[in-house]
Amino acid sequence: MTSLQALLGFTAWTVLLVLLVFAWRGIAIIIKGQKANSWTRGEKKADDPSLVCRIEHAHANALENLPLFAVIVLVAQAMGKGAVTDHWAMYVLYARVAQSVVHMIGV
């Protein structure tokens, strides 16, 4: 697998994490009648499950690391040196997914 595929996987994982949070919030809005603007950045809602909070943190962590990974991969590709990053890029993706999963299960 190439570095660009790993970059797409990293990006897809980051988007999936935020979609999980959006799904929970959508359920809370539709079923529980919460207001759409009742979540504020950095503050935990008392009735949000801890899993949702851990997913939010895993997403924030992935989002913090995505630009650095993207720059390294894209610069290597632009310089015609994609083979340098191809070997390690998938390990970065696997490590990101593993770290997120560990973060979500609360270990």
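Preceding block: the structure.
Reading guide: rules and limits
- Residues numbered from 1 in each chain as written.
- Predicted model: local features only at pLDDT ≥ 70, side-chain atom pairs only at ≥ 80, totals over all residues.
- Heavy atoms only, no water.
- Axes fitted to C-alpha atoms, helices over the stretch in contact; angles between N-to-C directions.
- Helix = DSSP H or I, 4+ residues; strand = E, 2+ residues; numbered from the N terminus.
- Parallel < 35°, antiparallel > 145°, perpendicular 65-115°, else oblique.
- Left-handed = near helix turned anticlockwise from the far one by under 90°.
- Nonpolar A, V, L, I, M, F, W, Y, C, P; charged D, E, K, R; others polar.
- Expected span 1.5 Å × (residues − 1).
- Bend = angle between axes of the 7 residues up to and from the residue.
- Contact = heavy atoms within 4.5 Å.
- Phe/Tyr/Trp six-rings, centres within 6.5 Å; stacked < 30°, edge-to-face > 60°.
- Buried < 20%, exposed > 50% of the residue type's maximum accessible area, 1.4 Å probe, protein only.

Trainee: Looking at this structure, how should I read the packing of helix α1 (residues 3-30) against helix α2 (residues 50-78)?
Mentor: How two helices sit against one another is set out by the angle between their axes and by the gap between those axes. Relative to each other, α1 and α2 sit at 160°, their axes nearing to 9 Å. Classified by the interaxial angle, the pair formed by α1 and α2 is roughly antiparallel. Judged by the sense of rotation from one axis to the other, the crossing of α1 with α2 is left-handed. Of the residues assigned to the contact of α1 with α2, the class counts are 19 nonpolar, 6 polar and 2 charged.

Trainee: Explain helix α3 (residues 82-105) to me, please; I cannot follow it from the model alone.
Mentor: Note on helix geometry: an α-helix contains 3.6 residues per turn, so any two residues three or four positions apart are oriented the same way. With 24 residues, α3 should cover 34 Å at 1.5 Å per step; its first-to-last C-alpha distance of 34 Å lies within 8% of that length. The sharpest bend along α3 measures roughly 40° and falls at W88. Lining the buried residues of α3 we find α1 and α2. Trailing α3 by a residue or two, G106 shows a phi angle of about 80°, which is positive.

Trainee: Sorry if this is basic, but what is going on with the packing of aromatic side chains here?
Mentor: Where two aromatic rings form a pair, the distance of their centres and the angle of their planes describe that pair. All chains considered together, the criterion is met by 3 aromatic pairs. Ring plane angle 25° and centroid distance 5.3 Å describe the contact between F10 and F69, whose orientation is recorded as stacked. In this pair, F10 sits in helix α1 while F69 sits in helix α2, placing the two residues 59 residues apart along the sequence. Across this residue pair, the class does not change: F10 and F69 are buried. Residues W88 and Y91 carry aromatic rings whose centres are separated by 5.8 Å and whose planes lie at 50° to one another, so their mutual orientation is tilted. Residue W88 and its partner Y91 are both found in helix α3; the two are separated by 3 residues, about one turn of the helix. Members of the aromatic cluster, joined through ring pairs, are W88, Y91 and Y94.

Trainee: Would you take a moment to explain the side chain of T85 for this structure?
Mentor: The topology assignment puts T85 in helix α3. Ignoring any residue separated from it by four or fewer positions in sequence, one finds T85 in contact with S3, I72 and A76.

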